[in-house]
Amino acid sequence: NGDIATFGTVQITSDRRLKKNIIPLQGINSLAAITSLKTYTYQYIYDELPITYDDQLIEDADSIKLQTIQADLERKPNLNTKIRTGFMAQEVMEILPNLVEKDADERYTIDYMALIPLMTSAIQEQQTLIKQLLEKTKSLENEIDNLKRK
């Protein structure tokens, strides 16, 4: 059904030793990018979902695979009614093109995990702005207090 469930965690390799051309996100206006993204609730179009199994795959499947296939096929109708939240890949591509790709069937996909560092950077930018505004507010409050004393 496209969902992944685990009792553990999903780990993505992120070892510095395996990376090159490392550039901090501070030079990128993450806050502007993140605030430009439109968010939606939506439902999948049941007939357009690529959940199919050919007869040979089912014939060759062991009992665990058969249970998985059966569970997928039983859940597929629920995909038609389940309300989800997310983005539209075509819109994300206009703002953050490196997060969007096309699969083998020309459907757009989003690397949702790649949004985490951008959101972290956006929060950091926002915190800097908040700190500056608090300092400015404090300064203005002091000026007002000084004027009141005169």
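Just so it is clear, the model here is predicted, and its values are computed rather than measured. (Residues numbered from 1 in each chain as written. Predicted model: local features only at pLDDT ≥ 70, side-chain atom pairs only at ≥ 80, totals over all residues. Heavy atoms only, no water.)

Looking at this structure, how should I read the nonpolar core?
As a rule of thumb, nonpolar side chains are buried together in soluble globular proteins. Formed by 14 residues in total, the largest nonpolar core has its most connected members in Leu37, Val92, Leu96 and Leu115. Among all residues touching Val92, those that are not within four sequence positions of it are Leu37, Phe87, Pro97, Leu99, Val100 and Ile110. (Core = buried A, V, L, I, M, F, W, Y, C linked by side-chain atoms within 4.5 Å. Buried < 20%, exposed > 50% of the residue type's maximum accessible area, 1.4 Å probe, protein only. Contact = heavy atoms within 4.5 Å.)

Got a minute to help me understand the pattern of salt bridges in this structure?
Working definition: two side chains of opposite charge can pair if their charged atoms are close together. Throughout the structure, instances matching the rule amount to four salt bridges. Lys102 is paired through a salt bridge with Glu106; the nearest N and O atoms lie 3.3 Å apart. According to the relative accessible area criterion, Lys102 is partly exposed, its value standing at 43%. A salt bridge links Asp105 to Arg107, with the nearest nitrogen and oxygen atoms 2.9 Å apart. Accessibility expressed as a relative area gives 53% for Asp105, which makes it exposed. Since its relative accessible area comes to 32%, Arg107 is described here as partly exposed. Residues participating in the shared-partner salt-bridge network are Asp103, Asp105 and Arg107. (Salt bridge = Lys/Arg side-chain N within 4 Å of Asp/Glu carboxyl O.)

Looking at this model, I keep getting lost on helix 5 (residues 115–149). Mind explaining?
Three or four residues apart is the spacing at which side chains of an α-helix point the same way, because the helix has 3.6 residues per turn. An ideal rise of 1.5 Å per residue puts 51 Å on 35 residues; helix 5 measures up with 50 Å between its terminal C-alpha atoms. Listing the buried residues of helix 5 in full gives Leu115, Leu118, Ser121 and Ala122. Against the buried residues of helix 5 lie helix 1 (30–36). (Helix = DSSP H or I, 4+ residues; strand = E, 2+ residues; numbered from the N terminus. Expected span 1.5 Å × (residues − 1).)

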